[in-house]
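Coordinate inspection notes
Each chain, written out:
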There are 2 protein chains.
Amino acid sequence: MEFKGIKHIDSGNFIHRYDIQYETRDHKEKIYEIVSRDPDITSLEELSDWSSKTVCIIGLSRNHNRILLNREYQMAIGDWVYNFPSGLIDKGETPTEAAKRELMEETGLHFVKRIVRLKSSFNSIGLSNESTSCVIAIVDGDIQGSDSSFEEIQGVWLSKNDVKELLKTAKMSARAQLFCFLWVYGDLSLDRFYEEQEDFGKGNLR
Amino acid sequence: MEFKGIKHIDSGNFIHRYDIQYETRDHKEKIYEIVSRDPDITSLEELSDWSSKTVCIIGLSRNHNRILLNREYQMAIGDWVYNFPSGLIDKGETPTEAAKRELMEETGLHFVKRIVRLKSSFNSIGLSNESTSCVIAIVDGDIQGSDSSFEEIQGVWLSKNDVKELLKTAKMSARAQLFCFLWVYGDLSLDRFYEEQEDFGKGNLR
């Protein structure tokens, strides 16, 4: 498949729809529809830029026996859903700085120690170029509710037994579900994460 | 926040944009923009439906020392990306049946044994109601290339060392990145998955 061009079709205030023109291996011209949060993509370089624009934080307690999730109302799915604290990276922030700030804003908790930061990954590769970088960290403190009237978010500390119940009954984001499942059922050890963090935390990160 | 209504704004052939009208706790009327693959959402019930429409398969080799990923070209991100085999659930199929079919179509591999199926989870909760159910399974056989000219997909068996490199250099889907990271660095044991699978495989699944 060969990218031939991208055409802006329609925009809301936050979501922008594009048609990508491409040619198949057998030389047929095709259109692929996508959406993006970026309002002015005009080239393949802009479309495929994967520098982190959003971050999520996977927070564990000091002894690793509790995980932090937000229970939040999300209009896009019309329901309550469990997710990791997350948000936009502000101009000039590193993803880890953004993770610390979002953690404090959404839950009132403190960032104790970074375990690892993952590169930016793509939330929905068939639909959008949206990507998010995850920071896995030890976090601590007392949960405070968010005081914004524009969002309904409540942080919760959950034990492995709590998470088992959620996995069977609750709506969850893809990352929260998969991490929680492996944390509960995978006999996950975190010890090796620390050893490797430098490999993930240096220049090759986006 | 209270849902007040949903308005269809714009459609392509595959992606549909809506405005959700809602009221904040302090009684302000607001609009939240989303996209969906569903062309005719008119109610909260339709918006928040989380029955699985797409599936992905996390395939491991018989001795758990290789993981199966697809290297595929995705127009939405304008680049090559690593992802689990995935696709739409056809009418009348269970998610596990769809996982077996997609596995065979995209890679030529056989489905040996289901480890667990997770409930449907949401790919991008701030943007879309798109959701996917993951089937974790043992898979086996020789990889065959997909012969469709509409997609460029190549299945690859990867060792833990291969995956370590990808995590530092490659674009990956959110689920593929997170599972691969924990598989490589988390000392993940799969033994307990089998014991619990019945809890996940029965009626409470969507």
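Residues numbered from 1 in each chain as written. Chains lettered and ligands numbered in written order. Predicted model: local features only at pLDDT ≥ 70, side-chain atom pairs only at ≥ 80, totals over all residues. Heavy atoms only, no water.

Listed per partner, the contact involves 84 residues of chain A and 84 residues of chain B. Where chain A abuts chain B, roughly 8100 Å² becomes buried across the two surfaces, and 62% of that area is made up of carbon and sulfur atoms. Among the residues of chain A in contact with chain B, Met-1, Met-75 and Ile-125 of chain A are the three that bury the most area, contributing 10% of the side total. Viewed at the interface, chain B and chain A are joined by 2 salt bridges. In this structure, Arg-17 of chain A and Asp-10 of chain B form a salt bridge, with 2.7 Å as the shortest nitrogen-oxygen distance. The interface formed by chain A and chain B includes 28 residue pairs in polar contact (both at pLDDT 80 or more). (Contact = heavy atoms within 4.5 Å. Buried area = accessible area lost by both parts, 1.4 Å probe. Salt bridge = Lys/Arg side-chain N within 4 Å of Asp/Glu carboxyl O. Polar contact = N/O pair within 3.5 Å; in protein donor to acceptor, adjacent residues only side chain to side chain.)

To continue, consider the sheet that holds strand 3 (residues 29–36) of chain B. Residues and elements named next belong to chain B. The strand order across the open sheet built from 3 strands is 1-2-3, with neighbouring strands paired in antiparallel fashion. Unpaired on one side and paired on the other, strand 1 (2–11) and strand 3 mark the two borders of the sheet. Recorded for the sheet is a direction-independent mean angle of 25° between the axes of neighbouring strands. Inspection of the sheet shows strand 2 (residues 16–23) paired to strand 3 by 8 bridges, in the antiparallel sense. Within strand 3, the position partnered with His-16 by the bridge is Ser-36. (Pairing = 2+ DSSP bridges. Helix = DSSP H or I, 4+ residues; strand = E, 2+ residues; numbered from the N terminus. Axes fitted to C-alpha atoms, helices over the stretch in contact; angles between N-to-C directions.)

With that settled, the discussion passes to unusual backbone geometry. Residue and element names in this part refer to chain A. A positive phi angle, close to 65°, is found at His-27, a residue other than glycine. Within the fold, His-27 resides in the loop between strand 2 (16–23) and strand 3 (29–36). A residue is classified by how much of its surface remains accessible, and His-27, at 63% relative accessible area, is exposed. (Buried < 20%, exposed > 50% of the residue type's maximum accessible area, 1.4 Å probe, protein only.)

Here the focus is the pattern of salt bridges. All names here are of chain A. Per the stated rule, a full pass over the model turns up 22 salt bridges over all chains. Between Glu-105 and Arg-101 there is a salt bridge, with the nearest N and O atoms lying 3.3 Å from each other. In this pair, Glu-105 and Arg-101 are both assigned in helix 2 (residues 95–107), 4 residues apart and thus about one turn of the helix distant. A relative accessible area of 48% places Glu-105 in the partly exposed class. One connected set of salt bridges, linked through shared partners, spans Asp-90, Glu-93, Arg-101, Glu-102 and Glu-105.

On to the confidence of the model for chain A, then. Residues and elements named next belong to chain A. A residue-level look at chain A finds 89% of positions with pLDDT of 70 or above and a mean pLDDT of 89. Here helix 5 (residues 191–201) stands out as the element of chain A with the lowest mean pLDDT, 54, in contrast to strand 6 (residues 79–83), whose mean of 97 is the highest. Contacts of residues 201–206 to residues separated by more than four positions or lying in other chains number 14 contacts, the stretch itself having pLDDT below 50. (pLDDT = per-residue confidence, 0-100.)

Residue and element names in this part refer to chain A. Tallied over the full model, the rule gives 6 aromatic pairs over all chains. Note on Tyr-73 and Trp-80: the rings are 5.5 Å apart at their centroids and 80° apart in plane angle, and the pair reads as edge-to-face. Under the relative-accessibility criterion, Tyr-73 is labelled buried at 11%. For the cation-ring pair, Arg-71 lies above Trp-80, with the distance from its terminal atom to the ring centre recorded as 4.2 Å. (Phe/Tyr/Trp six-rings, centres within 6.5 Å; stacked < 30°, edge-to-face > 60°. Lys NZ or Arg CZ within 6 Å of the ring centre and 35° of its normal.)

With that out of the way, let us pick up the relation of the copies chain A and chain B. Once turned by 180° and shifted 0.0 Å along the axis, chain A lies on chain B with an RMSD of 0.0 Å. Interpreted geometrically, this transformation is the action of a two-fold axis. A high fraction, 100%, of the interface residues of chain A reappear at the interface in chain B, so the copies pair face to face through one surface. (Least-squares fit on C-alpha atoms with pLDDT ≥ 70 in both.)

Secondary-structure assignment places Asp-10 of chain A in strand 1 (residues 2–11). Residues Asp-10 of chain A and Pro-39 of chain A lie 29 residues apart in sequence; the distance between their C-alpha atoms is 9.6 Å. A distance of 2.7 Å separates polar atoms of two side chains, one belonging to Asp-10 of chain A and the other to Arg-17 of chain B.

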